[in-house]
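In case you want the letters, here they are:
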Amino acid sequence: MAVRNWADGELLTSAALNEITSSMTMRFANAAARDSMLTGDLAPAVGMTVHLADSGMTFMYIVVGGTGYWAPLPETLCFYGRQAAAQALAGGQYSVITNFTLADHGNRNLYGWFDAAAGRFTPKIPGVYEFFGGVSMATATAGGAGYTNRCGMRLNGSPIAASENWVNVTSGSYAPVSFNARKYTYIMNGTADYMELDASTGSATNTVVTSGMAPTFGAKYLGQ
Amino acid sequence: MKRWATDDLVYNTDLNDMVAGGNLVFASVAARDAFLIGDLAPVAGMTVYMQNDSITYKRIDVGGIGYWAPTPGTLMACMVTSSGSTVDQVLSPDGAAAVAYKTPANYGRNLNNCFSTTTYRFTPGVPGFYEMEGLANFYHGTVDGYRATWLCLNGASQAAIPGSWNHAFPGGSTTNTQFGIFTRTVCCYLGATDYVTHMAMHNSTGQTYLRGRSDTSSAGYQYNYDSCFTAKYLGL
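Residues numbered from 1 in each chain as written. Chains lettered and ligands numbered in written order. Predicted model: local features only at pLDDT ≥ 70, side-chain atom pairs only at ≥ 80, totals over all residues. Heavy atoms only, no water.

Remarks on the overall build of chain B
- Looking only at helices and strands, chain B features two helices and 18 strands.
- Looking at chain B as a whole, 49% of its 236 residues qualify as buried.
- For chain B, contacts bridging at least 24 residues in sequence account for 69% of all contacts bridging at least 6.
- Working note: accessible area of chain B is about 10100 Å², and carbon and sulfur atoms make up 51% of it. (Helix = DSSP H or I, 4+ residues; strand = E, 2+ residues; numbered from the N terminus. Buried < 20%, exposed > 50% of the residue type's maximum accessible area, 1.4 Å probe, protein only. Contact = heavy atoms within 4.5 Å. Areas by Shrake-Rupley, 256 points an atom, 1.4 Å probe, with all protein chains shown as cover.)

Considerations on the overall build of chain A
- Counting its secondary structure elements, chain A contains two helices and 21 strands.
- With respect to the principal axes defined by its C-alpha atoms, chain A has extents near 85 × 30 × 25 Å.
- Taking all 224 residues of chain A together, 50% fall into the buried category.
- Sequence separation of at least 24 residues holds for 66% of the intrachain contacts in chain A that already meet a minimum separation of 6.
- When the accessible surface of chain A is split by element, carbon and sulfur atoms take 54% of a total near 9100 Å².

Thoughts on the environment of Met 48 of chain A
Residue and element names in this part refer to chain A.
- Along the chain, Met 48 turns up in the loop between α2 (31–37) and β2 (49–52).
- It is 6.2 Å that separates the C-alpha atoms of Met 48 and Ser 22, two residues lying 26 residues apart in sequence.
- When near neighbours in sequence (up to four residues on either side) are disregarded, Met 48 contacts Ser 22, Met 26, Leu 38, Leu 42, Ala 43, Phe 59, Met 60, Tyr 61 and Trp 70.

Focus: the confidence of the model for chain B
Residues and elements named next belong to chain B.
- Here chain B shows a mean pLDDT of 80. Residues at 70 or above account for 73%.
- Across chain B, element-level confidence peaks in strand β4 (residues 65–70) with a mean pLDDT of 96 and bottoms out in strand β16 (residues 214–216) with 59.
- Reported for the predicted complex are a pTM of 0.89 and an ipTM of 0.88. (pLDDT = per-residue confidence, 0-100.)

Some words on the sheet that holds β2 of chain A
All names here are of chain A.
- Strand order in the open sheet formed by four strands is β1-β2-β3-β4, with mixed pairing between adjacent strands. Each end of this open sheet is capped by a strand with a single partner; those strands are β1 (25–28) and β4 (67–72). Neighbouring strand axes in the sheet, compared pairwise and without regard to direction, differ in orientation by 30° on average.
- With four bridges connecting them, β1 and β2 associate as parallel partners. Looking across to β2, one finds that Arg 27 is bridged to His 51. (Pairing = 2+ DSSP bridges. Axes fitted to C-alpha atoms, helices over the stretch in contact; angles between N-to-C directions.)

Thoughts on helix α1 (residues 12–21) of chain B
- Within α1 of chain B, the full set of buried residues consists of Asp 14, Met 18, Ala 20 and Gly 21 of chain B. Taken around the axis of α1 of chain B, the buried residues stretch over an arc of 160°, which confines them to a single face. (Arc of directions from axis to C-beta.)

Comments concerning a nonpolar patch on the surface
- Together, Trp 6 and Leu 12 of chain A together with Val 10 and Leu 15 of chain B give the surface a local cluster of nonpolar side chains, amounting to about 330 Å² of exposed area.
- With respect to the helices and strands, the residue Trp 6 of chain A is situated in the segment before α1 (14–23). (Patch = residues over 30% accessible without salt bridge, like charges linked within 9 Å, V, L, I, M, F, W, Y side chains within 5 Å. Salt bridge = Lys/Arg side-chain N within 4 Å of Asp/Glu carboxyl O.)

A word on the nonpolar core
- Judged by nonpolar contacts, the single largest core of 41 residues is most densely connected at Phe 122, Met 132 and Val 196 of chain B.
- In contact with Val 196 of chain B, not counting residues within four places along its chain, are Tyr 120, Arg 121, Phe 122, Met 132, Leu 151, Cys 152, Leu 153, Ile 161, Leu 190 and Phe 229 of chain B. (Core = buried A, V, L, I, M, F, W, Y, C linked by side-chain atoms within 4.5 Å.)

Comments concerning the interface of chain B and chain A
- Counting from both sides, the interface comprises 44 residues of chain B and, opposite them, 52 residues of chain A.
- In total, about 3900 Å² of surface goes out of reach between chain B and chain A, with carbon and sulfur atoms giving 58% of it.
- Considering only the side of chain B, the residues that lose the most area to chain A are Met 1, Arg 3 and Arg 184 of chain B, jointly responsible for 19% of the buried surface there.
- Where chain B packs against chain A, one counts four salt bridges.
- Here Lys 232 of chain B ties to Glu 75 of chain A by a salt bridge, and the two come within 3.6 Å at their closest N and O atoms.
- The tally of links between chain B and chain A comes to 17 residue pairs in polar contact (both at pLDDT 80 or more).
- For the side of chain B that touches chain A, the secondary-structure elements that each account for two or more residues are α1, β3 (55–62), β9 (128–139), β11 (166–168), β13 (186–190) and β18 (228–235) of chain B.
- Looking at the side of chain B that touches chain A residue by residue, the class counts come to 24 nonpolar, eleven polar and nine charged. (Buried area = accessible area lost by both parts, 1.4 Å probe. Polar contact = N/O pair within 3.5 Å; in protein donor to acceptor, adjacent residues only side chain to side chain. Nonpolar A, V, L, I, M, F, W, Y, C, P; charged D, E, K, R; others polar.)

Things to note about the sheet that holds strand β1 (residues 23–26) of chain B
Residue and element names in this part refer to chain B.
- An order of β1-β2-β3-β4 is seen for the four strands of this open sheet, with the pairing classed as mixed. Only two strands of the sheet have a single partner each, and these edge strands are β1 and β4. Averaged over neighbouring strand pairs, the angle between their axes works out to 30° when direction is ignored.
- Examined bridge by bridge, strand β2 (residues 47–50) and β3 share four bridges and lie antiparallel to one another. Within the sheet, the bridge partner assigned to Thr 47 lies in β3 and is Lys 58.

Focus on the pattern of salt bridges
- If you walk through the whole model with that rule in mind, you get 14 salt bridges over all chains.
- Here Glu 75 of chain A and Lys 220 of chain A are joined by a salt bridge, their closest N and O atoms 2.6 Å apart. Here Glu 75 of chain A, found in the loop between β4 and β5 (76–82), pairs with Lys 220 of chain A, found in strand β21 (residues 216–223); they are 145 residues apart in sequence, far enough to count as distant.
- For Glu 75 of chain A, a relative accessible area of 18% puts it in the buried group.
- When the shortest N-O distance is used, the salt bridge between Lys 220 of chain A and Glu 131 of chain B registers 2.5 Å. Residue Lys 220 of chain A is found in strand β21, and its partner Glu 131 of chain B is found in strand β9; the two belong to separate chains. In this pair, the class of Lys 220 of chain A matches that of Glu 131 of chain B, namely buried.
- One connected set of salt bridges, linked through shared partners, spans Glu 75, Glu 130, Lys 183 and Lys 220 of chain A together with Glu 131 and Lys 232 of chain B.

Below you can see the structure in the form of C-alpha coordinates.
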(Lines give C-alpha, C1' and ligand atoms only; values in the text may rest on other atoms or scores of the structure.)
Protein backbone atom coordinates (compact mmCIF):
# COMPACT_ATOMS: atom_id res chain seq x y z
CA MET A 1 0.00 0.00 0.00
CA ALA A 2 1.55 3.28 -1.13
CA VAL A 3 -0.10 5.46 1.52
CA ARG A 4 2.51 4.82 4.19
CA ASN A 5 5.89 6.03 5.45
CA TRP A 6 8.58 4.88 3.04
CA ALA A 7 11.93 3.72 4.37
CA ASP A 8 15.33 3.76 2.64
CA GLY A 9 15.95 0.79 0.37
CA GLU A 10 12.33 -0.11 -0.20
CA LEU A 11 11.36 -1.15 -3.69
CA LEU A 12 8.76 0.89 -5.49
CA THR A 13 6.46 -1.58 -7.24
CA SER A 14 4.10 -0.89 -10.12
CA ALA A 15 1.17 -1.46 -7.78
CA ALA A 16 2.51 1.21 -5.43
CA LEU A 17 2.99 3.62 -8.32
CA ASN A 18 -0.54 2.95 -9.51
CA GLU A 19 -1.86 3.68 -6.05
CA ILE A 20 0.11 6.94 -5.98
CA THR A 21 -1.32 7.77 -9.39
CA SER A 22 -4.86 7.08 -8.21
CA SER A 23 -4.44 9.48 -5.28
CA MET A 24 -3.47 12.41 -7.49
CA THR A 25 -5.85 14.70 -9.31
CA MET A 26 -5.85 12.86 -12.61
CA ARG A 27 -6.39 14.87 -15.74
CA PHE A 28 -8.40 13.64 -18.69
CA ALA A 29 -9.75 15.25 -21.84
CA ASN A 30 -13.26 13.91 -21.21
CA ALA A 31 -15.29 11.23 -19.43
CA ALA A 32 -14.63 8.67 -22.17
CA ALA A 33 -10.85 9.03 -21.75
CA ARG A 34 -11.29 8.75 -17.99
CA ASP A 35 -13.34 5.57 -18.21
CA SER A 36 -10.91 4.04 -20.69
CA MET A 37 -7.90 4.44 -18.41
CA LEU A 38 -9.43 3.83 -15.01
CA THR A 39 -9.62 0.06 -15.11
CA GLY A 40 -7.77 -2.76 -13.31
CA ASP A 41 -5.32 -1.34 -10.72
CA LEU A 42 -6.72 2.10 -11.55
CA ALA A 43 -10.39 1.18 -11.28
CA PRO A 44 -12.37 4.02 -9.65
CA ALA A 45 -12.02 4.05 -5.89
CA VAL A 46 -13.60 6.21 -3.23
CA GLY A 47 -11.81 9.54 -2.96
CA MET A 48 -10.29 9.41 -6.41
CA THR A 49 -10.28 12.84 -8.05
CA VAL A 50 -10.31 13.67 -11.75
CA HIS A 51 -10.29 16.90 -13.71
CA LEU A 52 -12.01 16.85 -17.11
CA ALA A 53 -10.72 19.35 -19.64
CA ASP A 54 -13.92 19.48 -21.70
CA SER A 55 -15.98 20.86 -18.82
CA GLY A 56 -13.17 22.41 -16.78
CA MET A 57 -14.65 20.68 -13.73
CA THR A 58 -13.24 18.43 -11.02
CA PHE A 59 -15.08 15.32 -9.86
CA MET A 60 -14.63 12.99 -6.92
CA TYR A 61 -15.60 9.33 -6.87
CA ILE A 62 -18.09 8.54 -4.11
CA VAL A 63 -20.00 5.40 -3.21
CA VAL A 64 -23.49 5.66 -1.78
CA GLY A 65 -25.49 2.55 -1.00
CA GLY A 66 -23.01 0.41 -2.90
CA THR A 67 -23.29 2.48 -6.10
CA GLY A 68 -20.39 4.56 -7.36
CA TYR A 69 -20.77 8.08 -8.73
CA TRP A 70 -18.46 10.76 -10.11
CA ALA A 71 -19.75 13.66 -8.03
CA PRO A 72 -18.95 17.33 -8.68
CA LEU A 73 -17.28 19.34 -5.97
CA PRO A 74 -19.49 20.81 -3.24
CA GLU A 75 -21.05 24.17 -4.19
CA THR A 76 -21.09 23.26 -7.85
CA LEU A 77 -24.05 24.84 -9.61
CA CYS A 78 -26.23 22.03 -10.98
CA PHE A 79 -28.80 24.07 -12.81
CA TYR A 80 -30.03 27.61 -13.16
CA GLY A 81 -32.76 28.79 -15.48
CA ARG A 82 -34.78 31.87 -16.29
CA GLN A 83 -38.40 31.85 -17.39
CA ALA A 84 -38.71 32.57 -21.09
CA ALA A 85 -42.31 33.85 -21.31
CA ALA A 86 -44.95 35.11 -18.91
CA GLN A 87 -47.01 32.37 -17.28
CA ALA A 88 -50.63 32.74 -16.29
CA LEU A 89 -51.19 32.06 -12.58
CA ALA A 90 -54.73 31.12 -11.60
CA GLY A 91 -56.01 32.71 -8.42
CA GLY A 92 -56.44 30.67 -5.27
CA GLN A 93 -54.19 27.72 -6.14
CA TYR A 94 -50.56 26.62 -6.32
CA SER A 95 -48.95 26.70 -9.77
CA VAL A 96 -45.68 25.05 -10.70
CA ILE A 97 -43.46 27.62 -12.42
CA THR A 98 -42.35 26.28 -15.79
CA ASN A 99 -40.50 27.20 -18.97
CA PHE A 100 -37.07 28.03 -17.53
CA THR A 101 -35.66 27.80 -21.02
CA LEU A 102 -34.22 31.23 -21.72
CA ALA A 103 -30.47 31.06 -22.22
CA ASP A 104 -29.05 34.17 -20.64
CA HIS A 105 -25.81 34.90 -18.82
CA GLY A 106 -24.97 31.22 -18.91
CA ASN A 107 -27.73 28.79 -18.14
CA ARG A 108 -26.50 25.64 -16.47
CA ASN A 109 -27.91 22.12 -16.65
CA LEU A 110 -25.26 19.73 -15.36
CA TYR A 111 -25.86 16.17 -16.58
CA GLY A 112 -29.20 17.30 -18.04
CA TRP A 113 -31.01 16.62 -14.78
CA PHE A 114 -33.18 19.71 -15.13
CA ASP A 115 -36.26 19.53 -17.34
CA ALA A 116 -36.31 23.25 -18.06
CA ALA A 117 -39.65 23.19 -19.89
CA ALA A 118 -41.43 21.44 -17.03
CA GLY A 119 -39.40 23.24 -14.35
CA ARG A 120 -38.44 19.95 -12.69
CA PHE A 121 -35.02 19.00 -11.28
CA THR A 122 -34.35 15.29 -10.74
CA PRO A 123 -30.72 14.72 -9.68
CA LYS A 124 -29.22 11.27 -10.18
CA ILE A 125 -26.50 11.57 -7.55
CA PRO A 126 -27.79 11.24 -4.00
CA GLY A 127 -26.72 14.01 -1.68
CA VAL A 128 -27.45 17.41 -0.23
CA TYR A 129 -28.70 20.11 -2.57
CA GLU A 130 -29.44 23.78 -1.92
CA PHE A 131 -32.38 25.21 -3.85
CA PHE A 132 -33.18 28.85 -4.55
CA GLY A 133 -35.58 30.73 -6.78
CA GLY A 134 -38.07 33.52 -7.02
CA VAL A 135 -40.90 35.02 -9.02
CA SER A 136 -42.31 38.32 -10.08
CA MET A 137 -46.05 38.77 -10.46
CA ALA A 138 -47.74 41.44 -12.51
CA THR A 139 -50.14 42.24 -9.69
CA ALA A 140 -50.52 41.15 -6.08
CA THR A 141 -54.07 41.64 -4.97
CA ALA A 142 -55.83 40.98 -1.71
CA GLY A 143 -58.23 38.08 -1.74
CA GLY A 144 -58.27 34.36 -2.41
CA ALA A 145 -58.59 33.10 1.14
CA GLY A 146 -55.78 30.69 2.00
CA TYR A 147 -53.70 31.53 -1.06
CA THR A 148 -52.13 34.91 -0.56
CA ASN A 149 -49.10 35.58 -2.73
CA ARG A 150 -46.36 33.09 -1.98
CA CYS A 151 -43.41 31.35 -3.59
CA GLY A 152 -41.85 28.12 -2.42
CA MET A 153 -40.30 24.78 -3.28
CA ARG A 154 -42.22 21.65 -4.11
CA LEU A 155 -40.77 18.19 -3.43
CA ASN A 156 -42.19 15.27 -5.37
CA GLY A 157 -45.36 17.23 -6.06
CA SER A 158 -45.99 18.56 -2.53
CA PRO A 159 -45.27 22.12 -1.36
CA ILE A 160 -42.63 22.44 1.36
CA ALA A 161 -43.88 24.83 4.03
CA ALA A 162 -40.36 25.61 5.32
CA SER A 163 -39.35 26.99 1.92
CA GLU A 164 -42.25 29.37 1.50
CA ASN A 165 -42.07 33.13 1.42
CA TRP A 166 -45.19 35.27 1.50
CA VAL A 167 -46.27 38.70 0.41
CA ASN A 168 -49.46 39.39 2.27
CA VAL A 169 -51.67 41.90 0.58
CA THR A 170 -54.43 42.91 2.95
CA SER A 171 -55.98 45.62 0.85
CA GLY A 172 -55.71 47.11 -2.60
CA SER A 173 -53.02 45.78 -4.89
CA TYR A 174 -49.34 46.13 -5.77
CA ALA A 175 -48.06 45.99 -9.31
CA PRO A 176 -45.63 44.36 -9.91
CA VAL A 177 -44.18 42.47 -6.97
CA SER A 178 -41.01 40.35 -6.78
CA PHE A 179 -39.87 37.96 -4.09
CA ASN A 180 -37.77 34.88 -3.46
CA ALA A 181 -38.72 31.54 -2.08
CA ARG A 182 -36.64 30.88 1.02
CA LYS A 183 -33.43 29.02 0.25
CA TYR A 184 -33.98 25.37 1.00
CA THR A 185 -31.55 22.52 1.62
CA TYR A 186 -32.65 18.92 1.14
CA ILE A 187 -31.11 15.46 0.84
CA MET A 188 -32.24 14.10 -2.51
CA ASN A 189 -32.22 10.33 -2.99
CA GLY A 190 -30.68 10.46 -6.45
CA THR A 191 -33.35 8.28 -8.03
CA ALA A 192 -36.93 9.52 -8.07
CA ASP A 193 -36.84 12.65 -5.88
CA TYR A 194 -37.56 15.83 -7.80
CA MET A 195 -37.92 19.50 -6.91
CA GLU A 196 -39.96 22.27 -8.51
CA LEU A 197 -40.65 25.95 -7.80
CA ASP A 198 -44.23 26.99 -7.28
CA ALA A 199 -46.20 30.12 -6.56
CA SER A 200 -49.69 31.08 -5.55
CA THR A 201 -51.66 34.28 -5.78
CA GLY A 202 -54.86 35.62 -4.33
CA SER A 203 -56.28 36.67 -7.67
CA ALA A 204 -55.27 35.53 -11.14
CA THR A 205 -52.24 37.29 -12.58
CA ASN A 206 -49.19 36.58 -14.76
CA THR A 207 -45.51 36.25 -13.99
CA VAL A 208 -43.30 39.08 -15.22
CA VAL A 209 -40.27 38.16 -17.33
CA THR A 210 -39.03 41.57 -18.38
CA SER A 211 -35.87 43.28 -17.19
CA GLY A 212 -34.47 41.83 -14.00
CA MET A 213 -37.76 40.45 -12.74
CA ALA A 214 -37.88 37.11 -14.52
CA PRO A 215 -38.63 34.06 -12.37
CA THR A 216 -35.50 32.03 -11.82
CA PHE A 217 -34.81 28.60 -10.30
CA GLY A 218 -31.55 26.90 -9.46
CA ALA A 219 -29.71 24.46 -7.20
CA LYS A 220 -26.20 23.65 -6.03
CA TYR A 221 -24.75 20.29 -5.02
CA LEU A 222 -23.39 20.51 -1.49
CA GLY A 223 -21.95 17.04 -1.12
CA GLN A 224 -22.91 14.16 1.14
CA MET B 1 0.25 9.83 -15.83
CA LYS B 2 -0.17 6.25 -16.91
CA ARG B 3 -0.84 2.71 -15.76
CA TRP B 4 2.37 1.25 -14.33
CA ALA B 5 3.60 -2.25 -15.12
CA THR B 6 6.34 -4.36 -13.55
CA ASP B 7 9.90 -3.33 -14.66
CA ASP B 8 8.75 0.12 -15.87
CA LEU B 9 11.40 2.76 -15.26
CA VAL B 10 10.50 5.92 -13.40
CA TYR B 11 11.85 8.99 -15.18
CA ASN B 12 12.07 12.53 -13.88
CA THR B 13 9.25 13.44 -16.26
CA ASP B 14 7.09 10.80 -14.58
CA LEU B 15 7.96 12.17 -11.17
CA ASN B 16 7.19 15.71 -12.32
CA ASP B 17 3.86 14.49 -13.66
CA MET B 18 3.10 13.00 -10.25
CA VAL B 19 4.14 16.23 -8.57
CA ALA B 20 1.82 18.14 -10.90
CA GLY B 21 -1.07 15.92 -9.83
CA GLY B 22 -0.55 16.52 -6.17
CA ASN B 23 -1.78 19.35 -3.99
CA LEU B 24 1.13 21.80 -4.21
CA VAL B 25 1.63 24.22 -1.36
CA PHE B 26 3.20 27.66 -1.87
CA ALA B 27 3.81 30.60 0.42
CA SER B 28 3.06 33.23 -2.21
CA VAL B 29 2.08 33.82 -5.82
CA ALA B 30 5.69 34.67 -6.63
CA ALA B 31 6.86 31.35 -5.20
CA ARG B 32 4.23 29.48 -7.16
CA ASP B 33 5.08 31.17 -10.44
CA ALA B 34 8.81 30.69 -9.92
CA PHE B 35 8.42 26.95 -9.35
CA LEU B 36 5.77 26.01 -11.92
CA ILE B 37 7.81 26.20 -15.09
CA GLY B 38 9.10 23.72 -17.66
CA ASP B 39 7.77 20.20 -16.93
CA LEU B 40 5.78 21.76 -14.12
CA ALA B 41 4.24 24.59 -16.13
CA PRO B 42 0.62 25.08 -15.09
CA VAL B 43 -1.84 22.70 -16.71
CA ALA B 44 -5.60 22.47 -16.35
CA GLY B 45 -6.47 20.43 -13.28
CA MET B 46 -3.35 21.33 -11.31
CA THR B 47 -4.13 22.20 -7.68
CA VAL B 48 -2.24 24.63 -5.49
CA TYR B 49 -2.81 25.72 -1.91
CA MET B 50 -1.72 29.27 -1.25
CA GLN B 51 -0.56 29.94 2.28
CA ASN B 52 -0.84 33.72 1.85
CA ASP B 53 -4.64 33.56 1.67
CA SER B 54 -5.31 29.95 2.80
CA ILE B 55 -7.23 29.19 -0.36
CA THR B 56 -6.94 26.25 -2.74
CA TYR B 57 -6.86 27.13 -6.42
CA LYS B 58 -7.39 24.91 -9.43
CA ARG B 59 -5.91 25.65 -12.83
CA ILE B 60 -8.62 26.01 -15.46
CA ASP B 61 -8.43 26.70 -19.15
CA VAL B 62 -11.12 28.81 -20.80
CA GLY B 63 -10.84 29.67 -24.47
CA GLY B 64 -7.16 28.75 -24.49
CA ILE B 65 -6.32 31.06 -21.58
CA GLY B 66 -5.28 29.67 -18.20
CA TYR B 67 -6.56 30.95 -14.87
CA TRP B 68 -6.04 30.02 -11.23
CA ALA B 69 -9.62 29.60 -10.03
CA PRO B 70 -10.58 29.28 -6.36
CA THR B 71 -12.43 26.13 -5.40
CA PRO B 72 -16.23 26.26 -5.80
CA GLY B 73 -17.89 27.89 -2.84
CA THR B 74 -15.08 30.34 -2.20
CA LEU B 75 -16.36 33.68 -0.97
CA MET B 76 -14.94 36.30 -3.29
CA ALA B 77 -16.31 39.48 -1.78
CA CYS B 78 -18.29 40.58 1.24
CA MET B 79 -18.53 44.35 1.16
CA VAL B 80 -20.54 46.62 3.40
CA THR B 81 -21.05 50.34 3.70
CA SER B 82 -18.09 51.77 5.54
CA SER B 83 -18.48 51.00 9.20
CA GLY B 84 -18.76 54.08 11.30
CA SER B 85 -19.73 56.31 8.44
CA THR B 86 -22.33 58.87 9.41
CA VAL B 87 -23.23 59.84 5.89
CA ASP B 88 -26.42 58.47 4.40
CA GLN B 89 -26.54 58.29 0.64
CA VAL B 90 -29.27 60.38 -0.88
CA LEU B 91 -31.15 58.62 -3.64
CA SER B 92 -32.37 60.87 -6.39
CA PRO B 93 -36.14 60.75 -6.75
CA ASP B 94 -38.25 59.79 -9.70
CA GLY B 95 -36.80 56.41 -10.39
CA ALA B 96 -33.20 57.39 -11.03
CA ALA B 97 -30.95 54.43 -10.32
CA ALA B 98 -27.92 54.80 -8.14
CA VAL B 99 -25.11 52.56 -7.03
CA ALA B 100 -26.39 50.99 -3.86
CA TYR B 101 -23.83 52.42 -1.56
CA LYS B 102 -20.74 54.51 -1.41
CA THR B 103 -17.65 54.18 0.75
CA PRO B 104 -17.74 50.37 0.71
CA ALA B 105 -15.49 48.59 3.15
CA ASN B 106 -14.20 45.04 3.13
CA TYR B 107 -16.20 43.14 5.73
CA GLY B 108 -14.12 40.02 5.78
CA ARG B 109 -13.31 39.32 2.15
CA ASN B 110 -12.18 41.11 -0.97
CA LEU B 111 -10.21 38.35 -2.64
CA ASN B 112 -7.48 39.65 -4.90
CA ASN B 113 -9.19 43.07 -4.72
CA CYS B 114 -11.98 41.86 -6.97
CA PHE B 115 -14.24 44.62 -5.63
CA SER B 116 -13.17 48.16 -6.38
CA THR B 117 -13.89 50.62 -3.60
CA THR B 118 -13.63 53.48 -6.10
CA THR B 119 -15.73 52.24 -9.01
CA TYR B 120 -17.99 50.00 -6.83
CA ARG B 121 -17.60 47.21 -9.37
CA PHE B 122 -17.16 43.51 -8.70
CA THR B 123 -14.71 42.28 -11.34
CA PRO B 124 -13.54 38.80 -10.37
CA GLY B 125 -11.34 38.23 -13.44
CA VAL B 126 -11.84 34.44 -13.43
CA PRO B 127 -14.46 32.99 -15.79
CA GLY B 128 -17.20 30.94 -14.23
CA PHE B 129 -20.51 30.98 -12.42
CA TYR B 130 -20.95 33.33 -9.50
CA GLU B 131 -23.66 33.35 -6.84
CA MET B 132 -24.38 36.94 -5.84
CA GLU B 133 -26.80 38.96 -3.79
CA GLY B 134 -27.00 42.42 -2.34
CA LEU B 135 -28.87 44.13 0.47
CA ALA B 136 -29.94 47.75 0.32
CA ASN B 137 -31.11 49.43 3.51
CA PHE B 138 -33.51 52.28 2.85
CA TYR B 139 -34.50 55.14 5.11
CA HIS B 140 -37.56 56.70 3.63
CA GLY B 141 -39.18 59.07 6.02
CA THR B 142 -42.67 59.84 4.83
CA VAL B 143 -42.12 58.95 1.22
CA ASP B 144 -44.50 56.57 -0.50
CA GLY B 145 -43.83 54.49 -3.59
CA TYR B 146 -41.63 51.44 -4.04
CA ARG B 147 -37.95 50.81 -3.40
CA ALA B 148 -35.95 48.42 -5.49
CA THR B 149 -32.52 46.85 -5.62
CA TRP B 150 -30.85 44.76 -8.30
CA LEU B 151 -27.53 43.78 -9.86
CA CYS B 152 -26.26 45.14 -13.17
CA LEU B 153 -23.85 43.53 -15.58
CA ASN B 154 -21.18 45.62 -17.28
CA GLY B 155 -22.55 49.04 -16.58
CA ALA B 156 -24.74 50.78 -14.04
CA SER B 157 -27.09 51.90 -16.81
CA GLN B 158 -27.57 48.38 -18.14
CA ALA B 159 -30.67 46.33 -17.53
CA ALA B 160 -30.72 44.28 -14.38
CA ILE B 161 -29.27 40.80 -14.39
CA PRO B 162 -32.37 38.67 -14.93
CA GLY B 163 -33.76 37.33 -11.70
CA SER B 164 -31.88 39.80 -9.50
CA TRP B 165 -34.60 42.47 -9.13
CA ASN B 166 -36.48 42.75 -5.88
CA HIS B 167 -38.64 45.55 -4.60
CA ALA B 168 -40.96 46.42 -1.75
CA PHE B 169 -43.63 48.96 -0.94
CA PRO B 170 -43.13 50.49 2.48
CA GLY B 171 -46.19 52.69 2.26
CA GLY B 172 -46.50 56.26 3.37
CA SER B 173 -45.78 56.87 6.99
CA THR B 174 -45.39 59.81 9.27
CA THR B 175 -42.58 58.05 11.09
CA ASN B 176 -39.02 57.63 9.91
CA THR B 177 -38.97 54.02 8.90
CA GLN B 178 -36.09 52.02 7.54
CA PHE B 179 -36.08 48.58 6.03
CA GLY B 180 -33.85 46.36 3.94
CA ILE B 181 -34.43 44.65 0.64
CA PHE B 182 -32.29 41.79 -0.61
CA THR B 183 -31.78 41.31 -4.29
CA ARG B 184 -32.89 37.86 -5.34
CA THR B 185 -30.07 35.34 -5.30
CA VAL B 186 -28.68 35.26 -8.80
CA CYS B 187 -26.26 32.84 -10.47
CA CYS B 188 -24.56 34.38 -13.44
CA TYR B 189 -21.72 33.36 -15.69
CA LEU B 190 -19.04 36.05 -15.74
CA GLY B 191 -16.25 36.17 -18.25
CA ALA B 192 -12.77 37.38 -17.42
CA THR B 193 -13.62 41.05 -18.01
CA ASP B 194 -17.26 41.14 -16.89
CA TYR B 195 -18.22 43.21 -13.86
CA VAL B 196 -21.28 43.57 -11.62
CA THR B 197 -22.63 46.64 -9.83
CA HIS B 198 -25.19 46.70 -7.02
CA MET B 199 -27.94 49.28 -7.66
CA ALA B 200 -30.86 50.81 -5.81
CA MET B 201 -33.67 53.25 -6.51
CA HIS B 202 -37.06 54.49 -5.44
CA ASN B 203 -39.86 55.68 -7.66
CA SER B 204 -41.54 58.47 -5.75
CA THR B 205 -41.01 62.18 -6.07
CA GLY B 206 -39.84 62.60 -2.52
CA GLN B 207 -36.37 62.06 -1.22
CA THR B 208 -35.12 58.93 0.45
CA TYR B 209 -31.79 57.57 1.57
CA LEU B 210 -29.65 54.51 1.69
CA ARG B 211 -28.44 54.15 5.23
CA GLY B 212 -24.76 54.53 5.81
CA ARG B 213 -24.41 54.29 9.52
CA SER B 214 -24.95 52.23 12.59
CA ASP B 215 -26.93 53.50 15.53
CA THR B 216 -27.22 52.55 19.13
CA SER B 217 -30.67 52.46 20.61
CA SER B 218 -31.53 54.05 23.90
CA ALA B 219 -31.52 50.54 25.38
CA GLY B 220 -27.93 50.06 24.23
CA TYR B 221 -28.54 47.70 21.29
CA GLN B 222 -26.37 48.19 18.24
CA TYR B 223 -28.30 48.51 15.00
CA ASN B 224 -26.33 48.02 11.83
CA TYR B 225 -27.97 49.38 8.73
CA ASP B 226 -25.14 48.72 6.33
CA SER B 227 -26.01 47.86 2.78
CA CYS B 228 -23.88 44.97 1.54
CA PHE B 229 -22.88 42.86 -1.44
CA THR B 230 -21.61 39.27 -1.44
CA ALA B 231 -20.30 37.09 -4.23
CA LYS B 232 -19.26 33.45 -4.25
CA TYR B 233 -17.42 31.55 -7.00
CA LEU B 234 -19.18 28.36 -8.12
CA GLY B 235 -16.76 27.12 -10.74
CA LEU B 236 -17.31 26.34 -14.41
